[in-house]
Structures are given as C-alpha cells and as structure tokens.
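Residues per chain are reported as follows:
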Amino acid sequence: MLVRREPPATAARPGPRVLQVAAEIFPLVKTGGLADVVGALPPALAAEGLDVRVVLPGYAAIADSVLHQRRVAELGPMFGAARVTLRLGRLPYSRLPVYLVDAPLLFRREGGPYQAADGHEWPDNLQRFALLGWVAAHLATGELDPGWAPDLLHAHDWHAAMSHAYLAAHAAPVPSVFTVHNLAYQGLFPAGDFALLGLSARFMAAHGLEYHGQVSFMKAGLKFASRITTVSPTYAREIATHEFGAGLDGVICGRRDDVSGILNGVDRAVWNPETDTALASRYSAAQPEGKMRCKAALQQQLGLEAAEDRPLFGVVSRLSAQKGLDLLLAALPRLLAEGGQLAVLGSGDAALERAFRDAAAAQPGRVAAITGYDESLAHRIIAGVDAVVVPSRFEPCGLTQLYGLRYGSLPVVRRVGGLADTVVGATPETMSDGTATGFSFDAATPAALEGALGLAVSTYREPARWRRLMAQAMAQDFSWAVAAREYRALFEILLRPRAGRSAGTPLRGGAGGVA
Ligand code: ADP
C-alpha cells in the first residue's frame, strides 16, 4: 500500500529553504487529510528543488520512527514540560530531514494527537501546540540550529499557527505562509490561559489572538502570516463569506489580497491502483479488469450480495456534520430501491455511527457499515466501489473524491469547496464534450443528493457511458508536482526583495518569554 519513496534525485533550480510545521504526518500520525498533505507536500517540494525540513511534535509514533536522530538543542523546562529537547533526524519513506519537539510529558502519551481515547480534548493542548509554534518560530529565526535556518516558514492549520505569532513577537523578518486545511477547527482556549503563552498582552486583542473573549490559535495564523492559503481556490473564496467563514469571515476579508487557494494532490506512492498492495487485484485505465475483482472481493469481505450488476457506492470519512452523511442516510431508501449497495467506513459522531450500523442491520447484504479507522480497508473500498459519495456541507479540498477519480470510482459530490474544483458533474453538455468525471448536486438536501445518486445509477445501467466516464476520471492529473510548483511560486514572491514581505498585522515586540 505504501511504496517507499526514493529521495528526490534531481533538483531543478535550487529553491529556497522552507520549514514546514504541522501536527500530523502520514503514515505515522493521521486523523484526516492534513496528514496526507504533510506526508506528500514536503517530498514534492524537495523534488522541485527546495531545501525542505519539517518540524513535528514528538509523539511516540513519530519519535520512535524517525531515523538517525541527533540532539540539536536542549531547551529546558517550558510550556509545562519538564524538559524539551530538539532533535533532528530523517523521515522513514521520504528520508526528508525532520525536527522533533521531544517533550515526553506533553507528547508521549496513549491516545490521539489532540484527544484522549475517550474523545476529550487533551486539557493541555494550548501548551502542547504553543510549544510546537514556539520551536518552529525560533528555528525559523536561526536561534535553535546553528547548522540550518529556513528562508521561509510554512505552517498548517491551527496546531501550527502559533509559529506566526511567535515570529511576530520576535519582529523576525522571516516571511511565512499559513495554510488553512479546515477553518472549522480553530484551536480556541479560555482567555485566562493566554498568560501561559509568554506573549505580550498586546497580542490578546481583536487585531491579535482574541476571538469573542477566547484565545484563538487559528487567528494567530490568519493575522500574522505573510500569506494565507487554503487547499482549493473555491474554498479560498468561500471562507470570505458568512456561510463558510466559521465566524472568521471578517478576518479573512481583512486579508483578502493575501488569501489564495492551491489544490491538494494525490500521493501516487500511496494511492495508485497499479501498485496498491492492499487490493485484491491491481488495475489501470488501460487494463481496468482488476477493478471488478476488487469489487467482488469487497462485497465478499463486507458481506454484501455478490452482484456484479448492482452499483456499489462507498464512503470513507470522518463522521461529522461537515460531511453531510445525514443526507446520505435520508437518501438511502431510494438508493436501495433503485438497486444500489452501500459500503461505509467511518468514525466520529456516535449518532451517525449508530445510524449507519442500524442501516446495515436493517439491510443485510445491501448495506455494510464499518465503524473505526482502517487504512487498508479504506484502499479496498475506494478501489472496490463503483462510486465514492462525498455530500459535504463544506469541503476545503477533500481527498477521497480525488482517490475515487484515480481509482475509476466515480465521485458523487456536492458542488462546494474543493469538490467543485475537482469533479465535473455529468450533464448532457459535459458528457458530449468529454469533460464529465462524476456526478454533482448543489442543495444540501436529501432530494438533491437523491437526484445525483439516481443519475449515477441510471448511467451505471449504460455500461458504455459508465466506462467512458471512468476513463475520463482516471485521466485526471491532480498531482503533488503541480501543487508544489504553485507553492514554490508563492514562496518566491514572498522572498523577492521588498515584495510581499509586509503582509500580516504589524504587531511587534512581544515579550517572547515562555511561561
Ligand atoms: P478530512 O481531512 O476532512 O477528514 P479529507 O477527504 O481531506 O477529509 O481526508 C480524509 C483522509 O482520511 C483520506 O485519506 C481518507 O481516506 C482518510 N479516512 C477518513 N476516514 C477514515 C477511516 N475511517 N479509515 C481510514 N481512513 C480514513
């Protein structure tokens, strides 16, 4: 399933030094698409000629996997940790250099990266991710590693966003990019905990981290980064609106000229039906026969009726309100009446988990629901289904529809965010001009989803049309090389003398000390 990546052999033009900052990375720690991006983007940037390093929290799953570790700096007690050590090693698989924030008290514990096993947020998340940001910022200023300092810092989502505030507090002339992978998760903490951040009180203001009386880590990125990117152009526009801005649309509007969207890609070392070892059979656009074997194997594994002619729909998703899967539950009776089958792999919201399990119990052989997280089953579902359903209420980019395209499993998507940017819904026009790659709908209603599912079922009954759509879907090229070139172009704008450097709120002179 995971192919070891060769280190980038040829660097094009030598590019800038870039420090990536994030809280998860595939395949070591993953809760969603963020990990896939952080696993794939740095190697793609390196292949573009950039000198890339990544800084990550020293969770056991990461710290115990990173190769050739050596100590770079001893930071002593900070942010509630008895001691913090900065280590440098190399990532398995990509061999990229990675800094580990080794703070056993904060990061080495049973449970998830953000939550305990019981689903509650870790009570010290403010200190944990402030520390990540602090270390990243001080690496960026060149204070922590005498052997390397980046030209630019690039942080991902709220967990890494404090790096921008600490850079601002330092008045460091290091340009920075903040990428929003999901504006709905903001890293909000009680105002009383602001003192733990070691920042000047001026940062706890509307033009800083303050958000309705709370501390917002997301705002640290939105206010202080030189540039803001999101993971699709449509989501970049949407987050400036009340409907999609998650309460931060005003802040986004204030940075309108600094916000842009760069689409995520598909990591071909991981998601490729020609090489995917999780599958019952491998296949390609030129030789698609193996896909039927994947479908048969999946039906058998999940206890679904072994029927080649039934269109099999699939979902691999967090189960949260965002993903619109309540719409799918409402549309399910009609889908089944039309002859469809459904396979769902997901975890999250307990009521949704229960509802899908109940649907499977009520419709044995027609609906299968697996609650939990299973990377290998995710591959088998994406390959074995005929269509991947992504009816999201909002979707910054979305990866499973991209995997669906790659695996010839036609996406059925709501036309929103990155789904709108990556799937061309079948219409008489897009069918005749050869651009259709899936099925799409607009309103977040069961009826609208039923319409798209109904069109998928009727198209499935016309094998020649379905095969044409599959070929068009599989011909799409959402590669990380394209995304990496766009990020490089953005970085180079920021690194031009006197260009693009002044963006971000000019709030300087924080205490810089650490509680
Ligand atoms: P998000 O980041 O909002 O969760 P994305 O579509 O961007 O959504 O990325 C989701 C990633 O997580 C994909 O790689 C998908 O395959 C994976 N995933 C989601 N749920 C599961 C699950 N239950 N088991 C395995 N992989 C999952």
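Residues numbered from 1 in each chain as written. Predicted model: local features only at pLDDT ≥ 70, side-chain atom pairs only at ≥ 80, totals over all residues. Heavy atoms only, no water.

Colleague: What exactly am I supposed to notice about the overall build of the protein chain here?
Modeller: If you tally the helices and strands in the protein chain, you get 18 helices and 18 strands. For 515 residues, the compact-globule estimate of 2.2 N^0.38 gives 24 Å, and the C-alpha radius of gyration of the protein chain, at 23 Å, lies within 12% of that figure. With 515 residues in all, the protein chain has 60% of them scored as buried. At a minimum sequence separation of 6, the contacts of the protein chain that also span at least 24 residues come to 71%. Within the protein chain, one finds 49 positive and 48 negative side-chain charges whose respective centroids are separated by 5 Å. (Helix = DSSP H or I, 4+ residues; strand = E, 2+ residues; numbered from the N terminus. Rg over C-alpha atoms; globule rule 2.2 N^0.38 Å. Buried < 20%, exposed > 50% of the residue type's maximum accessible area, 1.4 Å probe, protein only. Contact = heavy atoms within 4.5 Å. Lys, Arg positive; Asp, Glu negative; His and termini not counted. Charge placed at Lys NZ, Arg CZ, Asp CG, Glu CD.)

Colleague: What am I meant to see in the nonpolar core here?
Modeller: A general tendency of soluble globular proteins is for nonpolar side chains to be buried together. The biggest cluster of nonpolar side chains holds 182 residues, and the ones touching the most others in it are L197 and L209. Each of domain 1 (19-55 + 117-265 + 483-504) and domain 2 (289-474) contributes no fewer than three residues to this core. (Core = buried A, V, L, I, M, F, W, Y, C linked by side-chain atoms within 4.5 Å. Domains from an automatic or database assignment.)

Colleague: How should the packing of aromatic side chains be read in this particular structure?
Modeller: The geometry of an aromatic ring pair is captured by the separation of the ring centres together with the interplanar angle, meaning the angle of the planes. With the rule as written, the count across this model stands at 16 aromatic pairs. For the ring pair Y460 and W466, a centre distance of 5.1 Å and an interplane angle of 80° mean the geometry is edge-to-face. Of the two residues examined, Y460 and W466, each falls in the buried class. Aromatic ring contacts, followed pair by pair, group Y59, F107, Y114, F129, W158, F189 and F217 into a single cluster. The positively charged end of R109 is found above the aromatic ring belonging to W122, 4.6 Å away from the centroid. (Phe/Tyr/Trp six-rings, centres within 6.5 Å; stacked < 30°, edge-to-face > 60°. Lys NZ or Arg CZ within 6 Å of the ring centre and 35° of its normal.)

Colleague: What is the right way to look at the sheet that holds strand 10 (residues 214-216) in this model?
Modeller: Two orientations exist for strands paired in a sheet by backbone hydrogen bonds: parallel and antiparallel. With antiparallel pairing, the three strands of this open sheet are ordered in space as 8-10-9. Both outer strands of the open sheet, strand 8 (188-190) and strand 9 (210-211), are each paired with one neighbouring strand and no more. Taken strand by strand, helix 6 (residues 217-224) contacts strand 8, strand 9 and strand 10, and its axis lies near 55° from that of strand 10. (Pairing = 2+ DSSP bridges. Axes fitted to C-alpha atoms, helices over the stretch in contact; angles between N-to-C directions.)

Colleague: Is there a simple way to think about the sheet that holds strand 15 (residues 367-371) in this case?
Modeller: One open sheet holds the six strands; their spatial order is 15-14-13-16-17-18, and the pairing between them is parallel. If you trace the sheet from one side to the other, it starts and ends with strand 15 and strand 18 (439-441), each paired once. On average, adjacent strands in this sheet sit at an angle of 15° to one another, irrespective of strand direction. Relative to strand 18, strand 17 (residues 410-414) runs parallel, the two sharing three bridges. In the strand pairing of strand 18, R414 is matched with F441. Packed onto the sheet, helix 9 (residues 289-302) meets strand 13 (312-319), strand 14 (341-348) and strand 15 and runs at close to 65° relative to strand 13. Where helix 12 (residues 375-384) meets the sheet, it contacts strand 13, strand 14, strand 15 and strand 16 (387-390), and its direction lies at approximately 145° from that of strand 13.

Colleague: Can you walk me through the site of the ligand in this structure?
Modeller: Taken together, 18 residues sit near the ligand, with K30, G33, D36, R318 and G372 positioned nearest. D36 is positioned with one of its side-chain polar atoms (N or O) 2.6 Å from an oxygen atom of the ligand. Between G372 and the ligand, the recorded distance is 2.8 Å, taken from a backbone N or O atom to a nitrogen atom. About the coverage of the ligand: the protein hides 92% of its 560 Å² of free accessible area. Considering each element in turn, the shell around the ligand owes the most residues, three residues, to strand 13. Class assignment for the residues of the shell around the ligand results in six nonpolar, seven polar and five charged. Composition of the shell around the ligand by domain shows at least three residues from each of domain 1 (19-55 + 117-265 + 483-504) and domain 2 (289-474). (Near = heavy atom within 4 Å. Polar contact = N/O pair within 3.5 Å; in protein donor to acceptor, adjacent residues only side chain to side chain. Areas by Shrake-Rupley, 256 points an atom, 1.4 Å probe, with all protein chains shown as cover. Nonpolar A, V, L, I, M, F, W, Y, C, P; charged D, E, K, R; others polar.)

Colleague: For this particular structure, what's the right way to read the packing of helix 1 (residues 33-47) against helix 18 (residues 480-495)?
Modeller: Two quantities define a packed helix pair, namely the angle between the helix axes and the distance between the axes. Contact geometry of helix 1 with helix 18 gives a least axis separation of 9 Å together with a crossing angle of 70°. Taken together, helix 1 and helix 18 sit at an angle that is classed as roughly perpendicular. In the packing of helix 1 onto helix 18, the handedness of the crossing is right-handed. The residues of helix 18 that touch helix 1, namely those facing V37, A40, L41, A44 and L45, are W480, A484, Y487 and F491. Within the contact of helix 1 with helix 18, the residues separate by chemical class into nine nonpolar, no polar and no charged. (Parallel < 35°, antiparallel > 145°, perpendicular 65-115°, else oblique. Left-handed = near helix turned anticlockwise from the far one by under 90°.)

Colleague: Mind showing me how you'd approach the side chain of D276 here?
Modeller: Looking at where D276 falls in the secondary structure, it is placed in the loop between strand 12 (259-261) and helix 9. Buried and unpaired, D276 has no salt bridge, with R282 as the nearest side chain of opposite charge at 6.0 Å. Separated by 3.0 Å, the side chain of D276 and the backbone nitrogen of A278 make a polar contact. Polar side-chain contacts of D276 include one of 2.6 Å to the side chain of Y407. (Salt bridge = Lys/Arg side-chain N within 4 Å of Asp/Glu carboxyl O.)

Colleague: What exactly am I supposed to notice about the packing of helix 10 (residues 325-337) against helix 11 (residues 350-362) here?
Modeller: Viewed as axis vectors pointing N to C, helix 10 and helix 11 meet at an angle of 20°, and their least axial separation amounts to 11 Å. On the basis of the axis angle, helix 10 is roughly parallel to helix 11. At the point where helix 10 passes helix 11, the crossing takes the left-handed sense. Between helix 10 and helix 11, the contacting residues are L325, D326, L328, L329 and L332 on the first element and L352, A355, F356 and A359 on the second.

Colleague: When you look at the pattern of salt bridges in this model, what are you seeing that I'm missing?
Modeller: Pairing is possible between side chains of opposite charge, provided their charged atoms come close. The full count for this structure, using the stated rule, is 21 salt bridges. One salt bridge connects D386 with K295, and the closest N-O pair in it is separated by 2.7 Å. Placement of the pair is D386 in the loop between helix 12 and strand 16 and K295 in helix 9, with a sequence separation of 91 residues. D386 sits in the buried class, given a relative accessible area of 7%. Between R334 and E450 there is a salt bridge; the shortest N-O distance is 3.1 Å. One end of the pair, R334, is in helix 10; the other, E450, is in helix 16 (residues 446-460), with 116 residues separating them in the sequence. Given the relative accessible area of 42%, R334 is considered partly exposed. One connected set of salt bridges, linked through shared partners, spans K30, D36 and E375.

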